[in-house]
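The primary structure of each chain is shown beneath.
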Amino acid sequence: MTADPTQPGTQNKHDYGEVMFKAMTSRQSVSPKRLSEPGPSPQQLEKLVEVAGCAPHHGLLRPWRFVLFEKEARPKLADVFEAALLERCPDADEEDRHRAREKAARGPLLLGVIVTVDQSDEKVAFEDQIASAGAALQNVLLQAHAFGYAAKATSGRAVRTQAFRTAIGLEKDETFLCFLAIGTAIQSSRTKLRPNAQSLLTNWNGLAGG
Ligand SMILES: Cc1cc2nc3c(=O)[nH]c(=O)nc-3n(C[C@H](O)[C@H](O)[C@H](O)COP(=O)(O)O)c2cc1C
């Protein structure tokens, strides 16, 4: 039996660190337009949601939830996208409406990330609540990548319309943060340049502004 690399004192703990580093640095988003079947299996979907549940969350709030847009419901989601467009742009032409509808079909697996934002919570700032949802969605993206899938988080203006909110059944204090489209990349994308660590890190030396 192989030792569990996550356990303290395990000899190959270092290998686990390298594997994690490789997984995180090799993940990059792929547009929902460039995702095809297969998507995650039901068992993999369960694991994707399980890793979301391991995200940090202040005050034991876990202020977010996921919704699965089932394949059979995609034509209805297309109606919702069209209604959202018409709410924003009542004069939208046929082509715009068609483009809005098309979005509903993208992503073999399509999840929505919904965050409950309680601005009156004195203990857990609303920034902490949104950050927790961000951590949860990143866990999902990373696990999907580890399973060999490509994915992308997208929001867009439709999700902020009343037509969309009503159709999805959002509560008053809920915000639809984004979709997560997950599937198989139909073409390999160019490797993105990532910032180097030094550009993201400053030191504080104890002096104001130092
Ligand atoms: C909550 C959230 C919403 C996003 N919405 C969009 C979007 O609507 N359109 C888009 O092109 N990118 C969107 N992005 C950014 C992409 O998901 C992606 O992170 C970005 O293109 C950088 O690519 P990378 O993940 O490979 O670094 C969003 C990211 C987050 C976290």
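Higher on the page you've got the structure.
Reference entry: report on the structure contained in this document. Nothing here was measured: the structure is a model prediction, and the numbers come from that model. (Residues numbered from 1 in each chain as written. Predicted model: local features only at pLDDT ≥ 70, side-chain atom pairs only at ≥ 80, totals over all residues. Heavy atoms only, no water.)

Attention shifts here to the overall build of the protein chain. Helices and strands together make up the secondary structure of the protein chain, namely 6 helices and 5 strands. For the protein chain, the N- to C-terminal ordering of α and β elements is α-β-α-β-α-α-β-α-β-α-β. Dimensions of the protein chain, computed from C-alpha atoms along their principal axes, come out at roughly 60 × 45 × 35 Å. Within the protein chain, the proportion of its 210 residues that are buried is 32%. Taking all contacts inside the protein chain whose residues are at least 6 apart in sequence as the whole, residues at least 24 apart take part in 78%. Looking at the protein chain as shown, the accessible area adds up to about 13,600 Å², and 54% of this sits on carbon and sulfur atoms. (Helix = DSSP H or I, 4+ residues; strand = E, 2+ residues; numbered from the N terminus. Buried < 20%, exposed > 50% of the residue type's maximum accessible area, 1.4 Å probe, protein only. Contact = heavy atoms within 4.5 Å. Areas by Shrake-Rupley, 256 points an atom, 1.4 Å probe, with all protein chains shown as cover.)

With that settled, consider the site of the ligand. With respect to spatial proximity, the complete set of residues near the ligand consists of R27, Q28, S29, K152, A153, T154, S155, G156, C178, K192 and R194. Here an oxygen atom of the ligand and a side-chain polar atom of R27 are 2.9 Å apart. S29 places a polar side-chain atom, nitrogen or oxygen, 2.5 Å from an oxygen atom of the ligand. Relative to its unbound accessible surface of 620 Å², the ligand loses 57% to contact with the protein. A per-element tally of the shell around the ligand places strand β4 (residues 150–154) first, with 3 residues. Split into classes, the residues belonging to the shell around the ligand amount to 2 nonpolar, 5 polar and 4 charged. (Near = heavy atom within 4 Å. Polar contact = N/O pair within 3.5 Å; in protein donor to acceptor, adjacent residues only side chain to side chain. Nonpolar A, V, L, I, M, F, W, Y, C, P; charged D, E, K, R; others polar.)

The next subject is the environment of L68. One can find L68 in strand β2 (residues 64–68). Residue classification places L68 among the partly exposed residues on the basis of a relative accessible area of 38%. Once the C-alpha coordinates of L68 and H57 are considered, the two residues, 11 residues apart in sequence, prove to be 22 Å apart. Among residues more than four places away in sequence, those in contact with L68 are L45, L109, L110 and L111.

A grouping of K33, R34, R88, K103, K152, R157, R160, K192 and R194 is seen on the molecular surface, where their side chains present a positively charged patch. Tracing the chain through its elements places K192 in the segment after β5 (174–185). We classify K192 as partly exposed; its relative accessible area is 40%. (Patch = residues over 30% accessible without salt bridge, like charges linked within 9 Å, V, L, I, M, F, W, Y side chains within 5 Å. Salt bridge = Lys/Arg side-chain N within 4 Å of Asp/Glu carboxyl O. Lys, Arg positive; Asp, Glu negative; His and termini not counted. Charge placed at Lys NZ, Arg CZ, Asp CG, Glu CD.)

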